[in-house]
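What follows is the residue order along each chain.
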2 protein chains.
Amino acid sequence: MTLITRRKNDKTLNDMAAPAPADTCARGHPVLRPKFPVPSDIEVSQSIVRDVGLLPIEEVAREAGILPSELLPWGTGKAKVQFAAVLSRLRDAPHGNYVVCTGINPTPLGEGKSTTTVGLVQALGAILGRRAYACIRQPSQGPTFGIKGGAAGGGYAQVVPMEEFNLHLTGDIHAISASNNLLAAAIDSRMYHEDSQSDEALYRRLCPGGRGFSNVMRRRLVKLGIDPNSDPDDLTTEERSKFARLDIDPSTITWNRVLDVCDRHLRVIEVGLGPNETYQPRGTVGGETPRRQHARRTGFDIAVASEIMAVLALARDLADLRDKLGNMVVAYSRGGETVTADDLGCGGALTVLMKDAILPTLMQTVERTPVFVHAGPFANIAIGNSSIVADRLALKLAGEDGYVVTEAGFGADIGMEKFFNIKCRASGLKPKCAVIVATVRALKMHGGGPPVSAGKPLAREYTEEDVPLVTAGCCNLAKHIENARKFGVEVVVAINRFKSDTEAEVAAVREASIAAGAFDAVVANHWAEGGKGAEALGRAVIAACEASDVGNFRFLYDLELPIRAKVETISREIYGADGVDFSELAEQQMAQYESSGFGNLPICIAKTQYSFSCDPKAKGVPTGFRIFVREIRSCVGAGFLYPICGDIMTIPGLPTRPGFYDVDINVETGQVIGLF
Amino acid sequence: MTLITRRKNDKTLNDMAAPAPADTCARGHPVLRPKFPVPSDIEVSQSIVRDVGLLPIEEVAREAGILPSELLPWGTGKAKVQFAAVLSRLRDAPHGNYVVCTGINPTPLGEGKSTTTVGLVQALGAILGRRAYACIRQPSQGPTFGIKGGAAGGGYAQVVPMEEFNLHLTGDIHAISASNNLLAAAIDSRMYHEDSQSDEALYRRLCPGGRGFSNVMRRRLVKLGIDPNSDPDDLTTEERSKFARLDIDPSTITWNRVLDVCDRHLRVIEVGLGPNETYQPRGTVGGETPRRQHARRTGFDIAVASEIMAVLALARDLADLRDKLGNMVVAYSRGGETVTADDLGCGGALTVLMKDAILPTLMQTVERTPVFVHAGPFANIAIGNSSIVADRLALKLAGEDGYVVTEAGFGADIGMEKFFNIKCRASGLKPKCAVIVATVRALKMHGGGPPVSAGKPLAREYTEEDVPLVTAGCCNLAKHIENARKFGVEVVVAINRFKSDTEAEVAAVREASIAAGAFDAVVANHWAEGGKGAEALGRAVIAACEASDVGNFRFLYDLELPIRAKVETISREIYGADGVDFSELAEQQMAQYESSGFGNLPICIAKTQYSFSCDPKAKGVPTGFRIFVREIRSCVGAGFLYPICGDIMTIPGLPTRPGFYDVDINVETGQVIGLF
């Protein structure tokens, strides 16, 4: 019986006292010779720093083709990249080969998508000598201190220093929280001030004499059909009222506050309960009418689910970021008009708060190959893809013969589908190959093995050979392969090897993959061996890219279809559902969005990652089920609609024994302890 | 009639097209020749970058005496300093002269304390050629986008680039929010899990087989009198229960969540209202007993008011940070035992989240002198002082003949009192001189002038000469001078000149200052002229330090006094109150704290900065009033008790037209627009 707590604790923390002698990679850098058994992730990361040394980030940048003037060093082993300068310099350069790394429906212990993304670029870059870049996502600190392992990869296929990667990084998620919550405060306080002031008083306060309209106000003037070059004194009484009174209908507010913490008690809250958050309704005289309370039921989401994270992932450049942030619709007026961040006066301030966040962060793998970290995870409740900006930057730097491996989180049914239908549509970039990561353990689970959960012992089925169970579970992998083929890309299956996997089990996976239409299926052992362990995978990806024709790339649905039809297409074609049921709220929202002109946006479905269906327990390839959409939020700024399916939660909780129990610091050396 | 919106908008945005020729400072650096009228703060900051250029931060560090190995560059014009390495290297060096900069009770437009702190070090460093360091506080983004001006100083006495200073900086406040809110989530989710699990089940989950106790658990074992080297299997049933069940009494929780946003609707909220935040009480069988809701009334504070900000300000080093964070008391058990961050398993994780935040940030003034930015503002509702770590670092770098000017926010009645009684007590550092900043405008207000408020026109009294009004208002300044003298330091009054001030008005201030016991009182015009405008102030401070004897420095009260007596001493001696009234809650809390052994902590009073009393409208030197303490929070980790007086709010609100309306970005150049 093996006790699992987190994936990373499968391994023994062996003696790290004697540094292993270093080898040299294809690019001439020293590489730490992997130890066996593989130490914990943090031990590997710290041993790299101690025994091999980090490559100075300026050197990583130089090797990646970035000029010193395009780089902003940012703490230990990290820098931000002035992508606009790079893209301008390389405007005529060809793009590299674009590869997306995704996975089957995972167990709660994860399949190793980040690890495979990192291991694959180590193979391509450090072993096979190609220009290779990984584009991965910044982890949420919620799960970091909750139940999940790190997102830096693992073992000898990880981004270093992993403490820097897993904590704060360069502050992008904090910037998202700050801007998201500024907008939330603007909504509630605008309603509060509007409730107690006449139109004229509001207008006079918004436009005090002698100041003119500010930039953001001119955007609202344009929306209202008023000359943006007007002087505030020029507007008619009617125009002033239209300008000043947003008249938000509180029941239409879809903008939640966010924190990057697993705090389930913030899922549903009531705000405005203080004695000072009352207001005197207009037209009443002080003291005569009882003051009303300005309370409202709302909630927090995890920061990575903020629309602003999606905007970061999908923005093309600073100007696009500004527009997208200003265009975010947070509510409707009582008259049915959209209320945007710009209407609230916030679009400029949000962009200023995000001005550094739009710069991708450069780090390095344990084998010193470059990694761009940008945008966020959680493809179950968000777009969960790394950014267009980072991918484009990497593709230009890679050039014709180079490779960019970008990560699309969780199961391919959500992460990859969103990558193709939303992100590639927004970017115009065409991928050649999808790497689908599978583990024998997860396939056994899909074949009918007992539940796998963090903190519980693994059943015997998972530690001993059971080929029929693996074969039965390959249906899940096959469906993901077929789904990927619908988009016209080649598929390479990466069998992420665990030490208990047998040759016969692995052969079964390989056979099923080829039968389902995969270009190739390769065993990879980068976790234990680094890039060398993914050399065969790297060769398969190169071959797949050479065989691929980007002209075959296609989307699953037309944007012009009705919202309902788009949700149904994804549900039937990708999930295998019989159909979709919409709640009354979702029906109203679809009607609202279509009448507001948002009907032609792509669809970003929030649903469990553990199954093709909405039932996390339905493994393999469930059939005979329907998808239930309980709510559809609009992310007009980011550019998609966001149906929330089943009982998925947009902020997780903490278990009884959260990961933070293990985390501490050595106060003598400053070294972090126990972070995976 | 002059329209005030923010202080910084008194000035015209004049033509910046033709760069002014640069002069050279005492240290050989080019200095921008000030323009008249003085442009907006952001224009000055951007003109420095454009016309003179920032000194590379590595050069600022070198001139400041910091080695390259002690520096971590961090984005544009900023770096973090490895203070422990510097302090270790300079362990035998003498300290420089320690000067605190504070002010009279301000108008809502501010007196210019930050501006004077910066202008004074520019004078000392760039004009008078001394080693001079400013230690200032990172601004809260709440007011940045709300109603206040920036905190980088202003005009030609500011920290540049001011956009970097006023936004995110190096992420310290974000780290505080992240750690504060992780602890908050830990509290609610622990109560949730404890409510549905037996002691043994809880224990088994906290200590799953084979893992041993983690570092943070061993701290709880020590607190409970159990051998910290025990194996989890060794504990008796009774010990397991004690260890696993914190049994938090929800009514005793004083730990709030925080955001760095002015969001008044979060002052009082109810959390845990979601359908999944119910629990099945222990001992009941599924479905039989109705599930109870885990709802609780609580609130958010502004991030800078977090106890973690106070810990950052008062920690001596990393080890002290770890202890202080772990020792924070967030609640009491039903049995009356303290519940700390370490009891909740969080102390190590909080420290890891704060590991970069404890490194002071290095920036530069417009005249290229070094500035350390560390810890936070809001002396009204927090300690509001820059950090001990930064001050100590600067004092060592300054050496015997150098000067360190540290900022103590708002009126001297709160900021300076906390600096002396709390911060200097914790650090053991002895200041020589207090600079008290006064403006003729504020003194007129204290003399009986009409109210001054942001966004409203200034009354005639403030724009025309009125010597009797100034003289009448000098009582406020005199009381602050007398208060400072009680601590045994020399006082220099800085009369922060506005263009409407007349010679006769300024002479009246000078006379009153000397009469009240000031060492000197000097007019300063650094806002318009840079360091040169504060040259006389610099000379006065040098003379005061030479005349000062640190042996005279003393505290106002003994720690051994009862809590009540300490609050009364501050209220009578500093505020001039007749006495103090405590709410029933405050009485209970005092009893609780004294019985828990926290009675000997110093006192950090939260009250309005606009008056010596709790009534913001009571100007001058009010008499015949009492202080009302409505609540006393304990900040056991930071090391003080925190009485909340009057109706002060621990998170501000947004006005009808918040500052964010002006903020935008030039999407072509990336330049920030309209940030003050």
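Residues numbered from 1 in each chain as written. Chains lettered and ligands numbered in written order. Predicted model: local features only at pLDDT ≥ 70, side-chain atom pairs only at ≥ 80, totals over all residues. Heavy atoms only, no water.

Going by an unreviewed UniProt entry, chain A carries the name formate--tetrahydrofolate ligase and comes from Cyclostephanos tholiformis. Turning to chain A, the UniProt record has this under Pathway (unreviewed entry): "One-carbon metabolism; tetrahydrofolate interconversion." (UniProt positions renumbered as here; feature names shortened; annotations may be inferred.)

K.L.:
So what exactly am I meant to see when it comes to the overall build of chain A here?
P.N.:
The helix and strand tally for chain A stands at 22 helices and 29 strands. For chain A, whose C-alpha radius of gyration is 26 Å, the value lies close to the compact-globule estimate of 26 Å for 676 residues. Within chain A, the proportion of its 676 residues that are buried is 67%. Put simply, of all contacts in chain A between residues at least 6 apart along the chain, 76% involve residues at least 24 apart. (Helix = DSSP H or I, 4+ residues; strand = E, 2+ residues; numbered from the N terminus. Rg over C-alpha atoms; globule rule 2.2 N^0.38 Å. Buried < 20%, exposed > 50% of the residue type's maximum accessible area, 1.4 Å probe, protein only. Contact = heavy atoms within 4.5 Å.)

K.L.:
How should empty space enclosed by the protein be read in this particular structure?
P.N.:
Empty space left among the atoms is revealed by rolling a probe the size of a water molecule over them. This structure, assessed with the given rule, holds 14 cavities of 30 Å³ or more. Lining the largest cavity are 26 residues, and of these Trp74(A), Thr170(A), Gly171(A), Thr170(B) and Gly171(B) lie nearest its centre. At the level of secondary structure, the elements contributing two or more residues to the lining of the largest cavity comprise helix 7 (172–196) of chain A together with helix 7 (172–196) of chain B. A breakdown of the residues in the lining of the largest cavity according to their chemical character gives 10 nonpolar, 8 polar and 8 charged. (1 Å grid on protein atoms, 1.4 Å probe; cavity = no way out; pocket = protein on both sides within 12 Å on 5 of 7 lines; lining within 4 Å. Points joined across faces, edges and corners; volume = space filled by probe spheres on them. Nonpolar A, V, L, I, M, F, W, Y, C, P; charged D, E, K, R; others polar.)

K.L.:
What am I meant to see in the relation of the copies chain B and chain A here?
P.N.:
What connects the two chain copies is a rotation about an axis and a shift along it. Expressed as a screw transformation, the operator carrying chain B onto chain A has a rotation angle of 180 degrees and an axial translation of 0.0 Å, and the superposed copies differ by an RMSD of 0.0 Å. Such a combination of rotation and displacement between the chain copies is what one expects of a two-fold axis. For chain B, the minimum C-alpha distance to the rotation axis belongs to Trp74(B) and amounts to 2.0 Å. When the interface residues of chain B are mapped onto chain A, 100% of them again fall at the interface, so both copies present the same face. (Least-squares fit on C-alpha atoms with pLDDT ≥ 70 in both.)

K.L.:
In this structure, what is going on with the domain arrangement of chain A? I would like to understand it.
P.N.:
Residue and element names in this part refer to chain A. By the assigned domains, chain A splits into domain 1 (2–171 + 356–552), domain 2 (173–353) and domain 3 (563–645). Distance from the C-alpha centre of domain 2 to the C-alpha centre of domain 3: 28 Å. Each partner contributes residues to the interface: domain 2 has 15 residues there, and domain 3 has 12 residues. Looking only at domain 2, the three residues that lose the most surface to domain 3 are Thr254, Glu307 and Tyr332, adding up to 45% of its buried area. (Domains from an automatic or database assignment. Buried area = accessible area lost by both parts, 1.4 Å probe.)

K.L.:
Would you take a moment to explain the interface of chain B and chain A for this structure?
P.N.:
Often the size quoted for an interface is simply the accessible area lost on bringing the parts together. Contacts between the two partners involve 88 residues from chain B, matched on the other side by 88 residues from chain A. Taken together, the two surfaces of chain B and chain A that pack against each other cover about 7,800 Å², and 64% of this comes from carbon and sulfur. When the buried area of chain B at its contact with chain A is split by residue, His265(B), Thr656(B) and Tyr661(B) rank highest and sum to 11% of it. For the pair chain B and chain A, the interface holds 12 salt bridges. Between Arg267(B) and Glu277(A) there is a salt bridge, with its nearest N and O atoms 2.8 Å apart. On the surface where chain B and chain A come into contact, there are 39 residue pairs in polar contact (both at pLDDT 80 or more). Considering each element in turn, the side of chain B that touches chain A owes the most residues, 12 residues, to helix 7 of chain B. The class makeup of the residues in the side of chain B that touches chain A is 44 nonpolar, 25 polar and 19 charged. (Salt bridge = Lys/Arg side-chain N within 4 Å of Asp/Glu carboxyl O. Polar contact = N/O pair within 3.5 Å; in protein donor to acceptor, adjacent residues only side chain to side chain.)

K.L.:
When you look at helix 2 (residues 57–64) of chain A in this model, what are you seeing that I'm missing?
P.N.:
Residues three or four positions apart in an α-helix share a direction because the helix packs 3.6 residues into each turn. Residues and elements named next belong to chain A. All of the buried residues in helix 2 are Ile57, Val60, Ala61 and Ala64. Looking down the long axis of helix 2, one finds its buried residues gathered within 100 degrees of arc, a one-sided arrangement. Just downstream of helix 2, Gly65 is the residue with a positive phi angle, here 90 degrees. (Arc of directions from axis to C-beta.)

K.L.:
I keep staring at the sheet that holds strand 25 (residues 579–582) of chain A and nothing clicks. Help me out?
P.N.:
Sheet strands associate in pairs through backbone hydrogen bonding, adopting either a parallel or an antiparallel arrangement. Residue and element names in this part refer to chain A. Pairing is mixed in the open sheet, where 3 strands are placed in the order 25-26-27. Strands at the two margins of the open sheet, each flanked by one partner only, are strand 25 and strand 27 (640–645). The sheet shows a mean angle of 50 degrees between the axes of neighbouring strands, direction not considered. With 6 bridges connecting them, strand 26 (residues 626–635) and strand 27 associate as antiparallel partners. Looking across to strand 27, one finds that Val629 is bridged to Cys645. Docked against the sheet, helix 22 (residues 584–595) engages strand 25, strand 26 and strand 27, running at close to 45 degrees with respect to strand 26. (Pairing = 2+ DSSP bridges. Axes fitted to C-alpha atoms, helices over the stretch in contact; angles between N-to-C directions.)

K.L.:
Help me understand the packing of helix 8 (residues 199–206) of chain B against helix 10 (residues 237–244) of chain B in this model?
P.N.:
For any two helices packed against each other, one specifies the inter-axial angle together with the distance between the axes. Residues and elements named next belong to chain B. Interhelical geometry of helix 8 versus helix 10 gives an angle of 70 degrees and a closest axis separation of 9 Å. The angle between helix 8 and helix 10 falls in the class roughly perpendicular. In contact with Asp199, Glu200, Leu202, Tyr203 and Leu206 of helix 8, helix 10 contributes Arg240, Ser241, Phe243 and Ala244. Of the residues assigned to the contact of helix 8 with helix 10, the class counts are 5 nonpolar, 1 polar and 3 charged. (Parallel < 35°, antiparallel > 145°, perpendicular 65-115°, else oblique.)

K.L.:
Whenever I open this one, the environment of Ala543(A) confuses me. Can you help?
P.N.:
Summarising the element assignment, Ala543(A) is placed in helix 20 (residues 535–547). The sequence separation of Ala543(A) and Gly411(A) amounts to 132 residues, and the corresponding C-alpha distance is 24 Å.

K.L.:
Explanation requested: unusual backbone geometry in the structure shown.
P.N.:
The phi torsion of most residues other than glycine is negative, and most of the peptide bonds are trans. Between Val160(A) and Pro161(A) the backbone carries a cis peptide bond, its omega angle lying at -5 degrees. Within the secondary structure, Pro161(A) is located in the loop between strand 9 (157–160) and helix 6 (162–166). Phi is positive for Ala375(A), which is not a glycine, with a value near 70 degrees. Relative to the elements of secondary structure, Ala375(A) occurs in the loop between strand 19 (370–373) and helix 14 (388–398). With phi around 75 degrees, Phe378(B) is a residue other than glycine that occupies positive phi space. For Phe378(B), the location among the structural elements is in the loop between strand 19 (370–373) and helix 14 (388–398).

K.L.:
Is there a simple way to think about the pairing of strand 27 (residues 640–645) of chain B in this case?
P.N.:
Side-chain positions along a regular strand alternate between the two faces of the sheet. Residues and elements named next belong to chain B. Counting buried positions along strand 27 gives 6 out of 6 residues, so the element sits mostly inside the fold. The alternating pattern of strand 27 places Phe640, Tyr642 and Ile644 on one face and Leu641, Pro643 and Cys645 on the opposite face, and all of these are buried. Remark: 4 residues form the turn of the hairpin made by strand 26 (residues 626–635) and strand 27, two consecutive strands paired antiparallel; Gly639 in that turn has positive phi of roughly 100 degrees.

K.L.:
Please clarify how the confidence of the model for chain A should be interpreted in this entry.
P.N.:
Where the model shows low pLDDT, its predicted coordinates should not be examined in detail. Summary statistics for chain A give a mean pLDDT of 92 and a share of 94% for residues scoring 70 or more. Here residues 1–21 of chain A is a poorly scored stretch, pLDDT under 50, and it has 61 contacts once near neighbours within four places are set aside; other chains count. (pLDDT = per-residue confidence, 0-100.)

K.L.:
Help me understand the nonpolar core in this model?
P.N.:
Generally speaking, soluble globular proteins have nonpolar side chains that are buried together. By size, the foremost hydrophobic cluster in this structure holds 437 residues, and its most contacted members are Phe372(A), Phe640(A), Phe243(B), Phe372(B) and Phe640(B). Setting aside residues up to four positions removed in sequence, Phe640(B) forms contacts with Ala310(B), Leu314(B), Ile383(B), Ile422(B), Leu601(B), Pro602(B), Cys604(B), Ser634(B) and Cys635(B). (Core = buried A, V, L, I, M, F, W, Y, C linked by side-chain atoms within 4.5 Å.)

K.L.:
Before we go on, may I ask you to explain a negative patch on the surface in this structure?
P.N.:
Judged by side-chain charge, Asp227(A), Asp231(A), Asp233(A) and Asp234(A) come together as a negatively charged surface patch. As for its position among the elements, Asp227(A) is in the loop between helix 9 (215–223) and helix 10 (237–244). (Patch = residues over 30% accessible without salt bridge, like charges linked within 9 Å, V, L, I, M, F, W, Y side chains within 5 Å. Areas by Shrake-Rupley, 256 points an atom, 1.4 Å probe, with all protein chains shown as cover. Lys, Arg positive; Asp, Glu negative; His and termini not counted. Charge placed at Lys NZ, Arg CZ, Asp CG, Glu CD.)

K.L.:
Got a minute to help me understand the sheet that holds strand 25 (residues 579–582) of chain B in this structure?
P.N.:
All names here are of chain B. In space, the 3 strands of this open sheet follow the order 25-26-27, with mixed pairing throughout. Of all the strands in the sheet, just strand 25 and strand 27 have a single pairing partner and so form its edges. Here the strands of the sheet are splayed against their neighbours by 50 degrees on average, with no regard to which way each runs. Sheet strands touched by helix 21 (residues 563–575): strand 25, strand 26 and strand 27. Its angle to strand 25, the strand with the most contacts, is close to 135 degrees.

K.L.:
Help me understand the side chain of Thr569(B) in this model?
P.N.:
Structurally, Thr569(B) is set in helix 21. Owing to a relative accessible area of 18%, Thr569(B) belongs among the buried residues under this scheme.

K.L.:
Explain helix 1 (residues 41–52) of chain A to me, please; I cannot follow it from the model alone.
P.N.:
Residues and elements named next belong to chain A. Taking 1.5 Å of rise per residue, 12 residues should cover 16 Å, and helix 1 covers 16 Å from first to last C-alpha, within 8% of that figure. Summarising the contacts, the buried residues of helix 1 are in contact with strand 3 (30–32), strand 8 (153–154), strand 9, helix 6, helix 19 (526–529) and strand 29 (672–673). In the segment just after helix 1, Gly53 is the residue with positive phi, at about 90 degrees. (Expected span 1.5 Å × (residues − 1).)

K.L.:
Help me understand the pattern of salt bridges in this model?
P.N.:
Proximity of charged atoms lets side chains of opposite charge pair with each other. One pass over the full model with this rule turns up 88 salt bridges over all chains. Two residues, Arg50(B) and Asp51(B), come together in a salt bridge whose shortest N-O distance is 3.3 Å. The class for Asp51(B) is partly exposed, based on a relative accessible area of 27%. Between Arg334(B) and Asp247(B) there is a salt bridge, and its shortest N-O distance comes to 2.9 Å. Taken together, the residues span a long stretch of sequence, with Arg334(B) in the loop between strand 16 (329–332) and strand 17 (338–340) and Asp247(B) in the loop between helix 10 and strand 10 (257–259) at a distance of 87 residues. When its relative accessible area of 52% is taken as the criterion, Arg334(B) is described as exposed. Asp247(B) sits in the partly exposed class, given a relative accessible area of 29%. Residues joined in a network through salt bridges with shared partners are Arg219(A), Arg322(A), Asp323(A), Asp342(A) and Asp664(B).

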